[in-house]
Structures are given as structure tokens and as C-alpha cells.
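Residue-level listing of the chains:
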Amino acid sequence: MTVEKSPLYGGEANRRITIRDLRTAKERGERWPMLTAYDMYTAEIFDQAGIPVLLVGDSAGNNVYAHTDTIPVTIEEMMPLARAVVRSAKRALVVCDLPFGSYQIGSEQALATSIQVMKETGVQAVKLEGGLPAVDSVHRIVEAGIPVMAHVGFTPQSVNAIGGYRVQGRGAQGEDLLTAALALEKAGAFSIVLEMVAADVAAEITKRLSIPVIGIGAGPDCDAQVLVWQDMAGMRSGAMPRFVKAYGDLRAGLTSAAKAFAEDVTTGQFPGEEHTYR
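The structure presented is a predicted model; accordingly, all values stated were derived computationally and were not measured. (Residues numbered from 1 in each chain as written. Predicted model: local features only at pLDDT ≥ 70, side-chain atom pairs only at ≥ 80, totals over all residues. Heavy atoms only, no water.)

Trainee: Could you give an account of the domain arrangement of the chain, naming the residues involved and the relevant values?
Mentor: One can read the domain layout of the chain as domain 1 (19-247) and domain 2 (249-278). For domain 1 versus domain 2, the separation of C-alpha centres amounts to 39 Å. Of the residues lining the interface, six residues belong to domain 1; the matching set on domain 2 comes to four residues. Interface of domain 1 and domain 2: buried area, both sides summed, is about 410 Å²; carbon and sulfur atoms make up 58% of it. In this assembly, domain 1 and domain 2 are joined by zero salt bridges. At the boundary of domain 1 with domain 2, the tally comes to three residue pairs in polar contact (both at pLDDT 80 or more). (Domains from an automatic or database assignment. Contact = heavy atoms within 4.5 Å. Buried area = accessible area lost by both parts, 1.4 Å probe. Salt bridge = Lys/Arg side-chain N within 4 Å of Asp/Glu carboxyl O. Polar contact = N/O pair within 3.5 Å; in protein donor to acceptor, adjacent residues only side chain to side chain.)

Printed below as a string of C-alpha cells:
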């Protein structure tokens, strides 16, 4: 029997992907996708589709808990989602966001939250937002043996301080982003997300860093790309950010299925004889 192999996985496809595999992928020039996941079925489907990294994002605030942004999400709300994704994904590396308020007090709080998440969910890494102010926390968490994915550029937890959803890295700000990214790499982050960053700045950061750079609205030159799965699958209604590409129309499909079910029930066509016990 031939075991399917992938250069990204660095070995047998039936084992859990590691941060070393992602580092090797960058060295080989291999690009890879990342998607958010918050439940059993999406985690299982994306894992089987070959998505190597799944992010249990605090974007659950907008996409699960019906908030207008990510700020209200708590660590207690994040952990059940992370447990479900870990149980359902067999190969993907699972990363859990640290939500707003669970690490901003300082490195001690950041480490304590990270330990709690790792012990109680089984994820393989945590993710936190912030540039230079987050460096000490990243160093402390990594020193304790926990892999950290960093996140700079537009940081949704700071939407009020930033003044809305604004592109980052233009003009002199580009040098500040590069400085922060290099500092986070030095602190031990195994990868870094760039969100809504000017494409030329993202390209330079990707070239300068030895760790994988994951783009979301950061142009085509990043090592990897991530989308919120509801955006990717066409689940969400209303205006989409410029960086989103919908690869399906799941909202229309579910609407059609729900209407067909309702029609069958109201007309007495469901349940039929084949759905009935005798």
C-alpha cells in the first residue's frame, strides 16, 4: 500500500501537521491555506479537504455569537469551540485565538491563559494580536513550550483604537510593521498573520522573515492565506471586505433546502412512507 505524502506535511498524510512542517514549507516556497473553524462539521470537512491549519478565531464573535465585532468574546466561550475542532480534525494543526481581555494585562496573564487553553482544549498553538507591546508575552509563552502565532496590521481587537476597518502599513507605518514583525519573530513566534496590510509592505515582511507569513487582505506575496470560512463559502450576507473571495454560495443552498423542507411539511409530503416506522 502506498502512503500518500505531501511536501507540506513532511511525511505521512495521516499524522498531525506541526509548526516544523510549516517552516519547511516556507523554505521550499510552498504556499498553503488556512481557514477558521468553530464546530465539528466544518473542522472535519476542511481537514479532509487538506487544509493544513485551522484557526479557532475570536471571529466567532461576528460569526457564531452574533456580536458586531470580536471584543465581547470570552475565553470561556472560545474553549468549547476549540475542543470541538480538535476532536474533529485529525491532520490539521489547530490554533486558538486568545480573546480580548485574556492577555492584555501582561505576560503573566498571557501565559496563564495560554496554559489553560492548551491543557483544556488540546490545540497545538495559540494566537494573539499586537505588535511591539505583545513581544514580551510572546517570548514568555514560547519559553514555556507553547507555540504562538502572532498577528499585526489591522488587529480586530483594537478596532476602536484604530478608528475602524482601515488598511495598515501605508507610508511611514510600513517600517513600524516590519520592526514589529521582526521583533515577534525574534521573540519566538512560529508564524505571523498580516491583516489588511498594503501589499508592498506585506511582500517585504514576507521576504525578511524566516517564519511563515499568513495574509488576509495583505496581497499575493505572503506564504499563506487565511479567510473566515463563512466568507469563503458564501454563507454571510451583506457587503464583503475587498479581500474576500467567495468560493461557493452556501447561504443560497441552505435557504433553498429550508424552503423545500417547509414546503414538504406544510403540504404533507414529509414525512413520507419511507421515513415512517411501522
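Trainee: Requested: an account of the UniProt feature "binding site: 3-methyl-2-oxobutanoate" (unreviewed entry) in the chain, with residues and values cited.
Mentor: Look at the UniProt record and you will see "binding site: 3-methyl-2-oxobutanoate" (unreviewed entry) annotated at Asp58, Ser59, Asp97 and Lys127. A maximum C-alpha distance of 12.3 Å places the annotated residues, which cover 70 residues in sequence, within one compact spot. Lining the largest pocket, from the residues just named, are Asp58, Ser59, Asp97 and Lys127. With respect to the helices and strands, Asp58 occurs in the loop between β4 (53-56) and α3 (60-63). Sequence-distant contacts of Asp58, that is, excluding residues within four places in its chain, are made with Thr70, Val73, Met78, Asp97, Pro99, Glu129 and Gln157. Considering the arrangement of structural elements, one finds Asp97 in strand β5 (residues 93-97). For Asp97, the contacting residues outside a window of four places in its chain are Leu55, Val56, Gly57, Asp58, Met78 and Lys127. (UniProt positions renumbered as here; feature names shortened; annotations may be inferred. 1 Å grid on protein atoms, 1.4 Å probe; cavity = no way out; pocket = protein on both sides within 12 Å on 5 of 7 lines; lining within 4 Å. Helix = DSSP H or I, 4+ residues; strand = E, 2+ residues; numbered from the N terminus.)

Trainee: Could you give an account of helix α2 (residues 40-48), naming the residues involved and the relevant values?
Mentor: Within the span of α2, buried status applies to Thr42, Ala43, Phe46 and Asp47. Each buried residue of α2 lies within a common arc of 125° when the element is viewed along its axis, so the set occupies one face. The exposed set on the far side of α2, more than 90 degrees from its buried face, consists of Tyr41, Ile45 and Gln48. Of the surrounding secondary structure, the elements contacted by the buried residues of α2 are β3 (32-36), β4, α4 (75-88) and α10 (229-232). Where α2 begins, the side chain of Asp39 points an oxygen toward the backbone nitrogen of Tyr41, at a separation of 3.0 Å. Two residues or fewer after α2 comes Gly50, characterised by a positive phi angle close to 95°. (Buried < 20%, exposed > 50% of the residue type's maximum accessible area, 1.4 Å probe, protein only. Arc of directions from axis to C-beta.)

Trainee: Please set out the pairing of β3 residue by residue, giving values where relevant.
Mentor: In terms of burial, β3 is a largely internal element, four of the five residues being buried. Pairing between β3 and strand β10 (residues 224-227): four bridges, direction parallel. When the bridges of β10 are listed, Met34 appears paired with Val226. Note: β3 against β4, three bridges, orientation parallel. Its bridge partner lying in β4, Leu35 is registered against Leu54. (Pairing = 2+ DSSP bridges.)

Trainee: Can you break down the packing of helix α8 (residues 173-187) against helix α9 (residues 199-208) residue by residue, with the values?
Mentor: Running from amino to carboxyl end, α8 crosses α9 at an angle of 25°, the nearest separation of the two axes being 10 Å. Overall, the two elements α8 and α9 adopt an arrangement that is roughly parallel. Crossing geometry of α8 relative to α9 is assigned as right-handed. Between α8, through Gly174, Leu177, Leu178, Ala181 and Leu182, and α9, the contact on the second element is made entirely by Val201, Ile205 and Arg208. Residue composition of the contact of α8 with α9, by class: six nonpolar, one polar and one charged. (Axes fitted to C-alpha atoms, helices over the stretch in contact; angles between N-to-C directions. Parallel < 35°, antiparallel > 145°, perpendicular 65-115°, else oblique. Left-handed = near helix turned anticlockwise from the far one by under 90°. Nonpolar A, V, L, I, M, F, W, Y, C, P; charged D, E, K, R; others polar.)

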